[in-house]
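Okay, here's what each chain looks like letter by letter:
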Amino acid sequence: MFSSCPPLLRCSNSGGSTRPRRGWLSILPYDDVTYEFERMHMNVELPKRMATKAIHAGEIHDSLGAHTAPIYQTSTFTFEDMDAVEASAAGTSDAYMYGRGASPARAALARKLAALEAFGLATGTEDVSAEIFSSGMAAISATLMGLAKAGDHIIAQQVLYGSADHLISEVLPTYGVTNTRIAGLDPVELDRELTANPTTTVVYVETPANPTLALVDIATTADIAHAHGARVAVDNTFATPVLQRPLEHGADVVVHSTTKFINGHGTVIGGAVVSNDQVLMEEQIASLIRYLGGVPSPFDCWLTNLGLKTLPLRMQQHCSSAMTVAQFLVSQSAITAVRYPGLESDPQHGIARKQMDGYGAMVAFDLGSYDAAARFLDRVDLCTLAVSLGNIDTLIEHPASMTHHVVPPEEREASGITDGLIRMSVGLESIDDIVDDLEQALSG
Ligand SMILES: Cc1ncc(COP(=O)(O)O)c(C=O)c1O
């Protein structure tokens, strides 16, 4: 699909690798990066920051002049004649043929997401591309099936989103793909396991991890993995490209559940894969969408694209409110532990500062027992008891009995998913109302 949908965005960085890290959220101007922004109907070069790219990158401007991109709700596309068919077959035209292979709203969303994950990359940003899937799990499955074949090995961190955990530990082994899990992908252990398992083709990372908010140092992991010839795939769902761009830190592939912050409104299940390795994308990962078939609908892509336009602004408020919530929780005697990467007291705050531009909406905290957690969750009112995350409203859940129920109890324990653990996705309601709700629920 990439040959038929050339990327519309190019980025170049005149600052090179010595460029200082950008300020919070990269919304603020900085002058050592120049962006060339190519729109379909005009060739202009303008400097663009993250918030501008989120709105304009990859947009379709149709021939009738519709201000908002139309939804091409069609399964197939027509050809004028056999010359057009042959140009398409030869890859010399941009024509769409069939919705499973490529479609306009999907391509537009892919361009926008690729532009955001490429933001600030020192080299080769023109090679960054994305493919959009019908769920985060479809994107993760395509990534791992594309990177690991029968006889290959995967190394993953211990704590992962429940279904990704199950895919790696239970499903892929039935296809001959073995795995090792390492707590925090500790560098010494990672090096040892890569040496012991020379068939390792991929190191799989989730940072911040669902649900414990444990972090992995992406650059250190990439250095070690690459020295052993393995690729690094990072699930960037919790951080989003606004707060963390794994390609910049040496990762080879980024995966997303776009269901979460990228859509932001809880209206779509979706996923994405992004990489700056075109051969990898075209030959191993993105192209699998045709054969595995996890294709998103045009309407879902359109909704997700709409949500993505406000991502930088939403993340700014999410980060501010989550910090307030984390500080409030730390002050509560009923709570035995709080994990929020932005807290200076967080054991991995140093890693967060190194690779993140902000610390996100997700907070994990422990009430010490199942009974205490259940009592608290029964009492919350504004905070909604539900799985998923990244919506404009605050969602709260009990991982051991909800998102991570599929993980066996002994594995949950090894991952730090206790019976008292609660995961909270801090929304965009008034922060005072969110804290009031937590306070009344804790007082019960
Ligand atoms: C970190 C993370 N990755 C992947 C997924 C899977 O995404 P989806 O539900 O869109 O398939 C989830 C879902 O909660 C998640 O939290």
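Quantities reported herein were computed from a predicted structural model and do not represent experimental measurements.

Thresholds applied
- Residues numbered from 1 in each chain as written.
- Predicted model: local features only at pLDDT ≥ 70, side-chain atom pairs only at ≥ 80, totals over all residues.
- Helix = DSSP H or I, 4+ residues; strand = E, 2+ residues; numbered from the N terminus.
- Buried ≥ 20, exposed ≤ 12 C-beta atoms within 10 Å, placed from the backbone.
- Contact = placed C-beta atoms within 7 Å.
- Near = placed C-beta within 6 Å.
- Nonpolar A, V, L, I, M, F, W, Y, C, P; charged D, E, K, R; others polar.
- Core = buried A, V, L, I, M, F, W, Y, C linked by C-beta atoms within 7 Å.
- Expected span 1.5 Å × (residues − 1).
- pLDDT = per-residue confidence, 0-100.
- Pairing = 2+ DSSP bridges.
- Axes fitted to C-alpha atoms, helices over the stretch in contact; angles between N-to-C directions.
- Parallel < 35°, antiparallel > 145°, perpendicular 65-115°, else oblique.
- Left-handed = near helix turned anticlockwise from the far one by under 90°.

(A) Main features of the overall build of the protein chain. Counting its regular elements, the protein chain contains 16 helices and 15 strands. Put simply, the protein chain has 444 residues, and 50% of those count as buried. Pairs at least 24 residues apart make up 72% of the contacts formed inside the protein chain by residues separated by at least 6 positions.

(B) Representation of the site of the ligand within the structure. In the vicinity of the ligand, 15 residues are found, and the nearest of them are S135, G136, M137, S257 and T259. Those elements giving two or more residues to the shell around the ligand turn out to be α4 (136-147) and α5 (162-171). Its residues assigned to classes, the shell around the ligand shows five nonpolar, eight polar and two charged.

(C) Structural view of the nonpolar core. Core analysis: the biggest nonpolar cluster contains 122 residues, and I154, A233, V273, A322 and V363 have the highest contact counts within it. The element best represented in this core is helix α3 (residues 104-117), accounting for nine residues. Residue contacts for V273: discarding those within four places in its chain leaves A130, E131, A139, A142, T143, V253, V255, I285 and A286.

(D) Local environment of α4. Between its first and last C-alpha, α4 extends 17 Å over twelve residues, near the 16 Å set by a 1.5 Å rise per residue. Where α4 is concerned, the buried positions are G136, M137, A138, A139, I140, S141, A142, T143, L144, G146 and L147.

(E) Spotlight on the environment of T221. Positionally, T221 belongs in helix α7 (residues 218-227). By the C-beta count within 10 Å, which is 26 here, T221 ends up buried. For T221 and P187, which are 34 residues apart along the polypeptide, the C-alpha to C-alpha distance reads 6.8 Å. Once residues within four sequence positions are removed from consideration, T221 is found in contact with L185, L190, V203, V205, V216 and V232.

(F) Structural detail: the confidence of the model for the protein chain. Overall, the predicted model of the protein chain reaches an average pLDDT of 90, with 89% of residues at or above 70. Here residues 1-43 scores under 50 on pLDDT; set against residues more than four positions off or in separate chains, the count is 90 contacts.

(G) Just the sheet that holds strand β12 (residues 362-366), in detail. Strand order in the open sheet formed by five strands is β11-β12-β15-β14-β13, and the pairing between neighbours is mixed. Two strands lie at the open edges of the sheet, namely β11 (337-339) and β13 (384-385), each paired on one side alone. As defined by bridge partners, β13 adjoins strand β14 (residues 395-397) across two bridges and the pair is classed as parallel. In the sheet register, T384 faces β14, and the bridge partner there is L395. On the sheet, helix α12 (residues 311-330) packs against β11, β12 and β15 (421-425) and is oriented at approximately 10° with respect to β12.

(H) Region of the structure containing the environment of A87. If you trace the backbone, A87 turns up in helix α2 (residues 82-90). Judged by the 14 C-beta atoms lying within 10 Å of it, A87 is partly exposed.

(I) Just the pairing of strand β7 (residues 200-206), in detail. Summarising burial for β7: seven of the seven residues are buried, a large majority. As judged from the five bridges shared by β7 and strand β8 (residues 231-235), these two strands associate in the parallel manner. In the strand pairing of β8, Y204 is matched with A233.

(J) Inspection of α5 at higher detail. Along α5, the residues classified as buried are G162, A164, D165, L167 and I168. Buried residues along α5 sit in contact with α4, β5 (153-157), β6 (178-182) and β7.

(K) Looking closely at the pairing of β12. Burial analysis of β12 places five of its five residues in the buried class, which makes it a mostly covered element. By the alternation rule, side chains of β12 split into M362, A364 and D366 and V363 and F365, which are all buried. Note that β11 and β12 share three bridges and pair antiparallel. Within β12, the residue paired with R339 across the bridge is A364. Pairing of β12 with β15, which is carried by five bridges, proceeds in the antiparallel orientation. Opposite A364, over in β15, you have R423 as the bridge partner.

(L) Here's a closer look at the packing of α4 against α5. Taken N-terminus to C-terminus, the directions of α4 and α5 make an angle of 30°; their axes are 11 Å apart at the nearest point. Looking at the two axes, α4 sits roughly parallel to α5. Every pair of crossing elements has a handedness; the one defined by α4 and α5 is right-handed. Taken together, the residues of α5 that come into contact with α4 (itself represented by M137, I140, S141 and L144) are S163, A164 and L167. Each residue belonging to the contact of α4 with α5 can be placed in one class, and the counts come to five nonpolar, two polar and no charged.

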